[in-house]
Amino acid sequence: MPSTVILGAQWGDEGKGKLVDYFSDRYDVIVRYQGGNNAGHTVQVAGMTYKMHLLPSGVIRRKRSLIASGVVVDPRVLKQETDFFTRHGLEIGPDILGVDFRAHIIMPWHTFWDAAREKGTQKIGTTGRGIGPVYESKAARVGVRFEDLVKPESLKAALEHCYPFHARTLKEIFGVNELPSLEETFKQYNELGKQFRPYLCDASIEIDQALKNGKNVLFEGAQATLLDNNFGTYPYVTSSQPIAANAAASAGISPKLISAVEAVVKAYATRVGEGPFPTELKDELGEQIRKRGNEYGTTTGRPRRVGWLDLTAVELGKRLNGYDGIHITKLDVLAGVKKLNVCTAYQTNGKKINYFPTQHDELEKAKPVFETLPGFEEYDWQEACRKSAKEGFNALPNNARKYVEFIEKQSGVPVLSVSVGPGREEILLRGAKA
Ligand code: IMP
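Residues numbered from 1 in each chain as written. Predicted model: local features only at pLDDT ≥ 70, side-chain atom pairs only at ≥ 80, totals over all residues. Heavy atoms only, no water.

**Looking at the overall build of the protein chain**
Thought 1: For the protein chain, the count of helices and strands is 14 helices and 20 strands.
Thought 2: Computed over C-alpha atoms, the radius of gyration of the protein chain comes to 22 Å, within 12% of the 22 Å expected from 2.2 N^0.38 for 434 residues, which places it in the range of a compact globule.
Thought 3: Oriented by its inertia axes, the alpha-carbon framework of the protein chain measures out at about 65 × 50 × 40 Å.
Thought 4: When the 434 residues of the protein chain are sorted by exposure, 57% land in the buried category.
Thought 5: In the protein chain, the proportion of contacts linking residues at least 24 apart, taken out of those at least 6 apart, comes to 76%.
Thought 6: Split by element, the accessible area of the protein chain, about 18000 Å² in all, is 50% carbon and sulfur.
Thought 7: Once the 57 positive and 52 negative side-chain charges of the protein chain are each reduced to a mean point, those two points are 1 Å apart. (Helix = DSSP H or I, 4+ residues; strand = E, 2+ residues; numbered from the N terminus. Rg over C-alpha atoms; globule rule 2.2 N^0.38 Å. Buried < 20%, exposed > 50% of the residue type's maximum accessible area, 1.4 Å probe, protein only. Contact = heavy atoms within 4.5 Å. Areas by Shrake-Rupley, 256 points an atom, 1.4 Å probe, with all protein chains shown as cover. Lys, Arg positive; Asp, Glu negative; His and termini not counted. Charge placed at Lys NZ, Arg CZ, Asp CG, Glu CD.)

So this is what it looks like as structure tokens:
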């Protein structure tokens, strides 16, 4: 497909980074389209673990990797990540990375503001990276853009416009007095700006031209459908829109240029932070899956809440995003669980509904209705991967394959791949490998 969006179908942490890295060899350009360093994409290649928060996952394969206008950029984090790659022999120069000149910059006040608000009356359980506040500043037109960061005169002008407003808001509303001075902020950010000046690009034009020149473009989502600011479990959501339609809007291309949308679905569900999670497992089994699946936040280290797979949520995402295919991840983590529950409907307000409840009164009272499938034992997953080159999903143990088939049948979306380990090669493709 010339242009594909790969995005999360649940509450994030489905393993999108690994999938984007795996499939990025089929694409020429990889585009991160929303969110910021609240994301945490972990990719393991040849014994090396790469943890990326901001960089598109295409950088590992040295593909042209773009940060689109809808992403929010913390240049301190961008520097840490590019330095990390340089130390490991994969220098990320402006030939690899481009940052759209319109992308908004996370400034020191945004992180203070995020932390201070989390201590208030409505705790969301944010990642504390200033994501909500930077999107608020953008909407309120008191933001700093990447083009300002990299041009000293623009940075000075932007700070003169924004700084007094933010300093006053922080002090008067949140009682925060630790904000570095305007001069210190200019000094620090101007230094970062100088380094990143060569990376300034117009991703909108570049992506449009790439597609018109017959190149393939992969759009990488961060967070996920149920964290979407409009369609997720509001207010326990992020401040951007991970849904597929926003890939075009954020990248600045016509929606008609997106040719396929693929969902990443973890074999069970997880969620970090506050908010409704009707299939949550608060027992021993939840703890077992958390440990086995290493379900601790890449960005914050927080233990993730764990629960059964919710296919009504996948159905909601299918309607919003129009899935052409599903990638199932972490199937191996469920090995040894005797019986596997999958939520296919809800009981709420005295009636059975077969959709994910979205209005507050429905969601609060919703009790999941499960279908139970037989579990599968521990298996030689490496062997399954090897055999899958010829046998596809038939290389999976019987009940694991049935679990995959159940997801496919219920969702009505073909399953394209199944991941059974964190490594790049620990993936089974539906048919024989090309
Ligand atoms: P924020 O995006 O930091 O404002 O956090 C808002 C909500 O989204 C919180 O519940 C976070 O835990 C969640 N969140 C943000 N980014 C991610 C992610 O990459 N994976 C999982 N949850 C996330």
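Still more ground to cover, so stick around.
**Observations concerning the nonpolar core**
Thought 1: Within the largest apolar cluster, 61 residues are counted, with the highest numbers of intra-cluster contacts made by Val5, Ile207, Phe219, Leu331, Leu396 and Tyr403.
Thought 2: The element contributing the most residues to this core is helix α14 (residues 398-411), with five residues.
Thought 3: For Val5, the contacting residues outside a window of four places in its chain are Tyr33, Phe219, Ala244, Ala247, Ile258, Ala260, Val261 and Glu262.
Thought 4: Counting residues in each nonpolar core, the second largest holds 42 residues, with Val73, Leu90, Leu97 and Tyr189 among its members. (Core = buried A, V, L, I, M, F, W, Y, C linked by side-chain atoms within 4.5 Å.)

**Details of the pairing of strand β16 (residues 339-348)**
Thought 1: Across the 10 residues that make up β16, a large majority, eight, are buried.
Thought 2: Pairing of strand β14 (residues 309-310) with β16, which is carried by two bridges, proceeds in the parallel orientation. Residue Leu309 lies in a different strand from β16, and its bridge partner there is Val342.
Thought 3: The sheet contact formed by β16 and strand β18 (residues 367-374) spans eight bridges and is antiparallel. In the strand pairing of β18, Asn341 is matched with Thr372.
Thought 4: Inspection of the sheet shows β16 paired to strand β17 (residues 351-353) by three bridges, in the antiparallel sense. Following the sheet pairing, Tyr346 is matched in β17 by Ile353.
Thought 5: In sequence, β16 turns back onto β17 through a hairpin of two residues, with Asn349 there showing a positive phi of about 45°. (Pairing = 2+ DSSP bridges.)

**Let's talk about the packing of helix α3 (residues 108-118) against helix α4 (residues 131-140)**
Thought 1: Where α3 meets α4, the axes come as close as 7 Å, and the angle between the chain directions of the two elements is 120°. It follows from the interaxial angle that α3 and α4 lie oblique. By crossing handedness, the relation of α3 to α4 is classed as right-handed. Within the contact between the two elements, α3 uses His110, Trp113, Asp114 and Arg117 and α4 uses Ile131, Pro133, Val134, Glu136 and Ser137. (Axes fitted to C-alpha atoms, helices over the stretch in contact; angles between N-to-C directions. Parallel < 35°, antiparallel > 145°, perpendicular 65-115°, else oblique. Left-handed = near helix turned anticlockwise from the far one by under 90°.)

**Considering the pattern of salt bridges**
Thought 1: Under the definition given, this model contains 24 salt bridges.
Thought 2: For Arg304, the salt bridge identified is with Glu295, shortest N-O distance 2.7 Å.
Thought 3: Looking at Glu295, the relative accessible area reads 0%, which means it is buried.
Thought 4: Shared partners join several salt bridges into a network, and the residues in it are Asp13, Lys266, Glu295, Arg304 and Lys330. (Salt bridge = Lys/Arg side-chain N within 4 Å of Asp/Glu carboxyl O.)

**Quick notes on the site of the ligand**
Thought 1: Among the 15 residues in the neighbourhood of the ligand, the closest are listed as Asp13, Asn38, Thr127, Thr238 and Arg302.
Thought 2: Within the backbone of Gly125, a nitrogen or oxygen atom sits 3.3 Å from an oxygen atom of the ligand.
Thought 3: At 2.6 Å from an oxygen atom of the ligand is found a side-chain nitrogen or oxygen belonging to Thr238.
Thought 4: Compared with its free state, where it exposes 470 Å², the ligand has 96% of that area covered by protein.
Thought 5: Partitioning the shell around the ligand into residue classes produces six nonpolar, seven polar and two charged. (Near = heavy atom within 4 Å. Polar contact = N/O pair within 3.5 Å; in protein donor to acceptor, adjacent residues only side chain to side chain. Nonpolar A, V, L, I, M, F, W, Y, C, P; charged D, E, K, R; others polar.)

**A word on the packing of aromatic side chains**
Thought 1: Tallied over the full model, the rule gives 11 aromatic pairs.
Thought 2: With 5.8 Å between their ring centres and 80° between their planes, Trp109 and Tyr163 make a pair best called edge-to-face. One end of the pair, Trp109, is in helix α3; the other, Tyr163, is in helix α6 (residues 152-174), and 54 residues separate them in sequence. Residues Trp109 and Tyr163 agree in their burial class; the two are buried.
Thought 3: Pairwise contacts between aromatic rings join Trp11, Phe277, Tyr346 and Phe356 into one cluster.
Thought 4: The side chain of Lys156 reaches across the aromatic face of Phe186, ending 5.2 Å from its centre. (Phe/Tyr/Trp six-rings, centres within 6.5 Å; stacked < 30°, edge-to-face > 60°. Lys NZ or Arg CZ within 6 Å of the ring centre and 35° of its normal.)

**A short note on the sheet that holds strand β1 (residues 3-8)**
Within a beta sheet, neighbouring strands are joined by backbone hydrogen bonds and run either parallel or antiparallel to one another.
Thought 1: Strand order in the open sheet made by the 10 strands is β9-β7-β5-β2-β10-β1-β11-β15-β19-β20, with mixed pairing throughout. With partners counted over all chains shown, the strands left at the sheet margins are β9 (200-201) and β20 (427-429), one partner each.
Thought 2: Taken together, the three bridges between strand β19 (residues 415-419) and β20 define a ladder with antiparallel strand orientation. Pairing of Ser417 across the sheet is with Leu429, part of β20.

**Looking at α14**
Each α-helix winds once per 3.6 residues, and so residues spaced three or four apart point in a common direction.
Thought 1: With 14 residues, α14 ought to run about 20 Å at 1.5 Å a step, and its terminal C-alpha atoms sit 20 Å apart, in line with that.
Thought 2: If you follow the buried residues of α14, they end up packed against β14, α11 (311-321), β15 (325-329), β16, β18 and β19.
Thought 3: Immediately beyond the C-terminal end of α14, within one or two residues, lies Gly412, with a positive phi of roughly 70°. (Expected span 1.5 Å × (residues − 1).)

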